[in-house]
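Observations on the three-dimensional arrangement
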2 protein chains.
Amino acid sequence: MRWIEASKSAAVGAAADNLSAIEAEAAAIVGRIRQEGSSAVQDYARRFDGYEADGFAVEKSIISGAAGALEEADRQAIMAMIRSVATFHAEQGYRGYQKETWPGIMCERRADALSCAGLYVPGGSAPLISSLVMMAIPARLAGVGRAYVVTPPDENGQLNAVLAATLDLLGVHEVYLLGGAQAVGAMACGVAGLPRADKIFGPGNAWVAAAKQCVAQWPGGPAIDLPAGPSEVMVIADDTADPAFVAADLLAQAEHDPLARITLLALDGFDQTACEAELSRQLANLPRRQIAAEAMSQALGISCADRDEAIGVANRLAPEHLIIQTRLPRDIAVQVRTAGGIFIGPWTPETLGDYAAGPNHILPTGGAGRAWSGVTVESFQRTTTLIEATAPGLARSASTFMRLAEMEGLEAHAASLKIRLAALEKEGLSSTGPARRSAIVRRVTKETDITIEVDLDRSGPCAISTGVGFYDHMLEQVARHGGFALNVMCRGDLDIDPHHTIEDVALALGEALSRALGDRKGIARFGFELPMDEARAGVWIDLSGRPFAVFEGAIPGDSVGEFPVAMTEHVFRSLSEQLKAAIQVKVEGENAHHMIEACFKALGRALRQAIRIEDDSIASTKGVL
Amino acid sequence: MRWIEASKSAAVGAAADNLSAIEAEAAAIVGRIRQEGSSAVQDYARRFDGYEADGFAVEKSIISGAAGALEEADRQAIMAMIRSVATFHAEQGYRGYQKETWPGIMCERRADALSCAGLYVPGGSAPLISSLVMMAIPARLAGVGRAYVVTPPDENGQLNAVLAATLDLLGVHEVYLLGGAQAVGAMACGVAGLPRADKIFGPGNAWVAAAKQCVAQWPGGPAIDLPAGPSEVMVIADDTADPAFVAADLLAQAEHDPLARITLLALDGFDQTACEAELSRQLANLPRRQIAAEAMSQALGISCADRDEAIGVANRLAPEHLIIQTRLPRDIAVQVRTAGGIFIGPWTPETLGDYAAGPNHILPTGGAGRAWSGVTVESFQRTTTLIEATAPGLARSASTFMRLAEMEGLEAHAASLKIRLAALEKEGLSSTGPARRSAIVRRVTKETDITIEVDLDRSGPCAISTGVGFYDHMLEQVARHGGFALNVMCRGDLDIDPHHTIEDVALALGEALSRALGDRKGIARFGFELPMDEARAGVWIDLSGRPFAVFEGAIPGDSVGEFPVAMTEHVFRSLSEQLKAAIQVKVEGENAHHMIEACFKALGRALRQAIRIEDDSIASTKGVL
């Protein structure tokens, strides 16, 4: 271990740039795979892995049931790892939301899972089952369409048995036996039987890391989880730190890789001599002492004058793992904003985080922590934004947008607004005319996802899709007879039953009508009665601002199409609640279809009367509705 | 416009790979800057921008007050853009949270803002003030330490006046006049007077894009927001679409760039002939018709047999902007999971999103939307995970972690646990011994961020940092006299006053003691009385499971150090509430310091008695506490 003063550490962490030979080789490998496809992959697999089979896919039967071969304690340990990683990651994920940023302009952010993710699990002396769990769990929580695993064959050309067992416990059955840069090339190109990955995840050696960087540069190439480099640990220790613990933590990193980067920041009073002695003593007992000794020969000790200096060095180097063994370690943790993962206090060795504490162990290295995070559920997602404007929403805001387009000198942008305004003016709606009575309502719950757009001052269009055919038909009656534009789009849990869909659409429709009515100034109220063959229905509405529902009449039968007859009354109640209106319905007849349709038609007609602007006054002696 | 069938569109979007000359030039520029530093930047600025000044920083006085020169309507439009972008983005950001995944192992995710972000605003014919807003607002919402702007000088070697005004309205005053690949190189290296950026944001021409890709490859280099390419629009249109609207939307994209990618998916009944005629007619009127015509000559029309085919093409091409002008457009929007931004229905031209609807307009291009999102508040953040275990937490879980380390063949990992278990065994705590009474409590509100760790079965250590010196001293009394280990770390809103800090720490301490006590089996209850010089205090505790507090005695004066005297009683109430204990305090004396200290000491002594395990029974006739 080499020791320097913190004041002379500015050059530390300046990146070693001697990987260019490996980079060139990796680039050549993935480049040839991009040109030649599967045959190049097969050639490399033969050459580097000694793998001769035709395909790389592992048969499902090899994975299914593989967990049965585990000792019970091993199975329990793996299950505990899966559980705690899932518990911790379950809180993650991009937040989706809706926001009406201008009246009549509804904006939304939606989080979507990736369609296809390739998870690379390194092979080598032992299978990194923990790395597999650290990718498979967030991929599942994100809801990735297809997440498959690529890993090198073991020395017998097989899938490692412990890895197979872990895959079995995770329920991941799509696995390919392929290693190194050629595995990355095959994932990126979607050749040799592997699906093309939208994003490639996973740690790996220098060839794998270089190949990932390379394919991520291709236009239209896959994204990657992180720019990867050799693993790193930094320990900050003061006089309260146990030198034996510190030595053990440094060695736990050193055994990974001869290139592992190991840094010890010593505060005043830390016993460096005891720590060096412990390093020698503990190293002698390690099975992987050769690797660890090589890494330790490059390890760096930095003497820091005080805590602030140590915090400064930590923030600058942005270590993958930071272990804080000082008094008040949380106080240091709060001030280090660039580390991948932080381990606080004497009883938190990095090993906890490497396996099963819960947080992800795939973390940024080589200073990337200044801007990158470790792998998260968000790593397996992307966000889309959606915008939907109503005609009045557009008309009201267009002048601002046009002014901005003109400031940037983009006239065609402004023209795309002008041509729409011209169309609206033909209908009598100009951007300078009176405000239009329209609304967009988004209602998203675990059961339904609904968008409803109403425009009371246009007679159409009307487009309705709830997934319940008869209900679509009924809502169309309301809009057509009501004489207003209505757009309803609902994705509901129809696999359970149509109840939520019918109810929630009625609630959202009520809200949309209520919002479109605005201050209800100048509107009529009251109702309508109509016959339909043998049936007869009357609907009386008072847009009073107060919900109240009365439903009289018994409709025979259980359902019409998928529409449960009993939901008829429910719809009127939900509507009344959100529209904030008294709605009374009376229906007579024999045929359920006729009776229900008569109710909805009468509702439309009653609404047509009620929403009509008659004069400039509020239709109430109270002066407010 | 060239038309093909969707079934023959598989090759569409295969990336053009003819940028390599530009890539090589950009790489040479940033490479030389990396070697030579500022002098290289100055050389390129002279050569490419004709810029001769010594430094690149714009004087603050040029920006401050620049908004005053705007016409009022322009100022209003820019402010409206800033407001709506802020409104939409305010909902974003990584969620931080805590989770105790194993008893005694507290895990946390924390969202940190980047320290330093470089925002590139392209110059050219007109200043992209909207791009500036799309970066500056999320950077501010994330809380980026330092976000600075780099933009090319205008033809007079100055900062464009409209851009200056927008910077003024945004309150961004750190600006450098530098363009192209050399700007990216200077940001990445932190030379020529620019701070080194942790991440580089912003659109730009092909040189800028190539330079960003290049510096992102450097080990320890900056991250970038997105792999950028020419701008793209895709319109899906059916028979309900107005061909004039569609033509206007295609042209609004075409005027950006001769390389802009324009795709029209036509469903059955869309009037292609009318659309082509509108394209010719509208194009003739555009100031930028030369650029637009060149882009339109490469535009592609794809005839789709049905909506599903169109959705398939859209998902494969992952367009930056997708405009849906069909019946039930939301139904298509739901199924496209790769677009950057989606514009729904006839009244939502892309121009809304380009400027001021709210969502970000910096979006993935060239197929990157399969895995990348547009710019978000999260783009300006990173996450860190933190783990803290108590000694008992480690002891309880160590066997699982060691088993996992051994399965992976990493003995030094297991050893870092074994050495700690050995230390604990010396204290009589083995992993197989009786459960220890310890707890970690995290309590995070807008006012305070607190971590408290107690271990009732160890007499130390004790480390307390609340920011209120006297309170630290008092809590230390409790731990020392109580005979248990206590670690308190609080960051509170002391700039307001110490009230929240004192109260919340008492609440968290009560909760920690309560959780550590577990089922309260075998504990004693009752209390203690002690003198301190002229003062005398008694504290009687019943760890009954029910909160109740009595405080008798009047302490003179307003405060001791920063500790308000009146908070003394408050602390005991808060503690009682969360500890679920009856606590009665009686204090007499003359000196406030003495009286308060006597109370806390007596509390410690009373706790020492009360938490002692006396036998195996519950100290209540009820049999449960």
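Residues numbered from 1 in each chain as written. Chains lettered and ligands numbered in written order. Predicted model: local features only at pLDDT ≥ 70, side-chain atom pairs only at ≥ 80, totals over all residues.

Looking up chain A in an unreviewed UniProt entry gives the name Imidazoleglycerol-phosphate dehydratase, with the organism given as Hyphobacterium lacteum. According to the UniProt record, the Pathway (unreviewed entry) comment for chain A reads "Amino-acid biosynthesis; L-histidine biosynthesis; L-histidine from 5-phospho-alpha-D-ribose 1-diphosphate: step 6/9." (UniProt positions renumbered as here; feature names shortened; annotations may be inferred.)

1. Focus: the interface of chain A and chain B
With 121 residues of chain A at the interface, the matching set in chain B holds 121 residues. When the residues that make up the side of chain A that touches chain B are grouped by side-chain class, the tally is 61 nonpolar, 35 polar and 25 charged. Relative to strand β13 (residues 341-344) of chain B, strand β14 (residues 381-389) of chain A runs parallel, the two sharing 4 bridges. Within β13 of chain B, the position partnered with Glu388 of chain A by the bridge is Ile344 of chain B. (Contact = placed C-beta atoms within 7 Å. Nonpolar A, V, L, I, M, F, W, Y, C, P; charged D, E, K, R; others polar. Pairing = 2+ DSSP bridges. Helix = DSSP H or I, 4+ residues; strand = E, 2+ residues; numbered from the N terminus.)

2. Brief notes about the sheet that holds strand β8 (residues 223-224) of chain B
As a general point, the strands of a sheet are linked pairwise by backbone hydrogen bonds and lie either parallel or antiparallel. Residues and elements named next belong to chain B. Reading across from one edge, β6-β5-β4-β7-β8 is the order of the 5 strands in this open sheet, with parallel pairing throughout. Only two strands of the sheet have a single partner each, and these edge strands are β6 (175-177) and β8. Where helix α7 (residues 180-189) meets the sheet, it contacts β4 (116-120), β5 (146-151) and β7 (199-201), and its direction lies at approximately 155 degrees from that of β7. (Axes fitted to C-alpha atoms, helices over the stretch in contact; angles between N-to-C directions.)

3. Points about the packing of helix α7 (residues 180-189) of chain A against helix α8 (residues 206-217) of chain A
Residue and element names in this part refer to chain A. Two elements in contact, α7 and α8, have axes whose closest approach is 7 Å; the angle formed by their N-to-C orientations is 25 degrees. Classified by the interaxial angle, the pair formed by α7 and α8 is roughly parallel. In the crossing of α7 with α8, the sense of the turn from one axis to the other is right-handed. The segment α7 lies against α8, with Gly180, Ala181, Val184, Gly185 and Ala188 engaging Trp207, Val208, Ala211, Lys212 and Val215. The class makeup of the residues in the contact of α7 with α8 is 7 nonpolar, 2 polar and 1 charged. (Parallel < 35°, antiparallel > 145°, perpendicular 65-115°, else oblique. Left-handed = near helix turned anticlockwise from the far one by under 90°.)

4. Description of the domain arrangement of chain A
Splitting chain A by domain gives domain 1 (20-99 + 112-224), domain 2 (229-373), domain 3 (401-435) and domain 4 (437-625). Between the C-alpha centres of domain 2 of chain A and domain 4 of chain A the distance comes to 65 Å. (Domains from an automatic or database assignment.)

5. Focus on the environment of Phe88 of chain B
Residues and elements named next belong to chain B. Mapped onto the elements, Phe88 comes out in helix α4 (residues 72-89). The exposure class assigned to Phe88 is buried, which follows from the 24 C-beta atoms found within 10 Å. For Phe88 and Pro359, which are 271 residues apart along the polypeptide, the C-alpha to C-alpha distance reads 6.2 Å. (Buried ≥ 20, exposed ≤ 12 C-beta atoms within 10 Å, placed from the backbone.)

6. What to know about the relation of the copies chain A and chain B
Copy one and copy two of the chain differ by a rotation about an axis and a translation along that axis. Here chain A sits on chain B after a turn of 180 degrees about the axis and a move of 0.0 Å along it, with an RMSD of 0.1 Å. Both copies are brought into coincidence by an operation consistent with a two-fold rotation axis. Minimal C-alpha separation from the rotation axis in chain A is found for Tyr94 of chain A, amounting to 3.6 Å. Same-surface contact between copies: 100% of interface residues of chain A are shared with the interface of chain B. (Least-squares fit on C-alpha atoms with pLDDT ≥ 70 in both.)

7. A few points about the confidence of the model for chain A
Detailed reading of the predicted coordinates is not advisable wherever pLDDT is low. Mean pLDDT over chain A works out to 89, with 93% of the residues at or above the 70 mark. Across the interface, the model reports ipTM at 0.82; the global pTM reads 0.83. (pLDDT = per-residue confidence, 0-100.)

8. Overview of helix α20 (residues 592-611) of chain A
Between its first and last C-alpha atoms α20 of chain A spans 28 Å; for 20 residues at 1.5 Å apiece the expected length is 28 Å, and the two agree. By the criterion of burial, α20 of chain A is predominantly enclosed, with 18 of the 20 residues buried. (Expected span 1.5 Å × (residues − 1).)

9. Here's the deal with the sheet that holds strand β18 (residues 485-492) of chain A
Residues and elements named next belong to chain A. Across the sheet, which stays open at both edges, the 4 strands sit in the order β15-β16-β18-β17 with mixed pairing between neighbours. Each edge of the open sheet carries a strand with a single partner, namely β15 (438-444) and β17 (462-465). In this sheet, neighbouring strand axes are inclined to one another by 5 degrees on average, regardless of whether the strands run parallel or antiparallel. By the bridge criterion, 7 bridges tie β15 to strand β16 (residues 448-455) in an arrangement that is antiparallel. Looking across to β16, one finds that Ile440 is bridged to Glu453. This element, helix α18 (residues 499-517), spans β15, β16 and β18 of the sheet and lies at about 35 degrees to β16.

10. Side note on the environment of Met106 of chain A
Residue and element names in this part refer to chain A. When you line up the elements, Met106 lands in strand β3 (residues 105-113). Separated by 78 residues in the primary sequence, Met106 and Ala28 have C-alpha atoms spaced 49 Å apart. Excluding anything up to four places from it in sequence, Met106 contacts Gln98, Glu100, Glu388, Ile440 and Arg442.

11. Some points on helix α15 (residues 391-407) of chain B
Residue and element names in this part refer to chain B. With 17 residues, α15 ought to run about 24 Å at 1.5 Å a step, and its terminal C-alpha atoms sit 24 Å apart, in line with that. In the structure, α15 departs most strongly from a straight axis at Ser397, where the bend amounts to approximately 55 degrees. Burial of α15 is extensive: 15 of the 17 residues sit out of reach of the surface. Count one or two residues on from α15 and you reach Gly409, which has phi positive near 70 degrees. (Bend = angle between axes of the 7 residues up to and from the residue.)

12. A look at the pairing of strand β16 (residues 448-455) of chain B
Residues and elements named next belong to chain B. Burial within β16 is extensive, with 7 of its 8 residues counted as buried. Joining the antiparallel neighbours strand β15 (residues 438-444) and β16 is a turn of 3 residues. Bridge count for β16 against strand β18 (residues 485-492) is 8 bridges, and the pairing is antiparallel. From the neighbouring strand, Val454 faces β18, where its bridge partner is Leu486.

13. Looking at the packing of helix α5 (residues 129-142) of chain B against helix α6 (residues 161-170) of chain B
Residues and elements named next belong to chain B. In contact at an axis separation of 10 Å, α5 and α6 are set at 25 degrees when each is read in the N-to-C sense. Put simply, α5 runs roughly parallel to α6. The hand of the α5/α6 crossing is right-handed. When α5 is examined against α6, the residues Ile129, Leu132, Val133 and Ala136 are found in contact with a partner set consisting of Val162, Leu163, Thr166 and Leu170.

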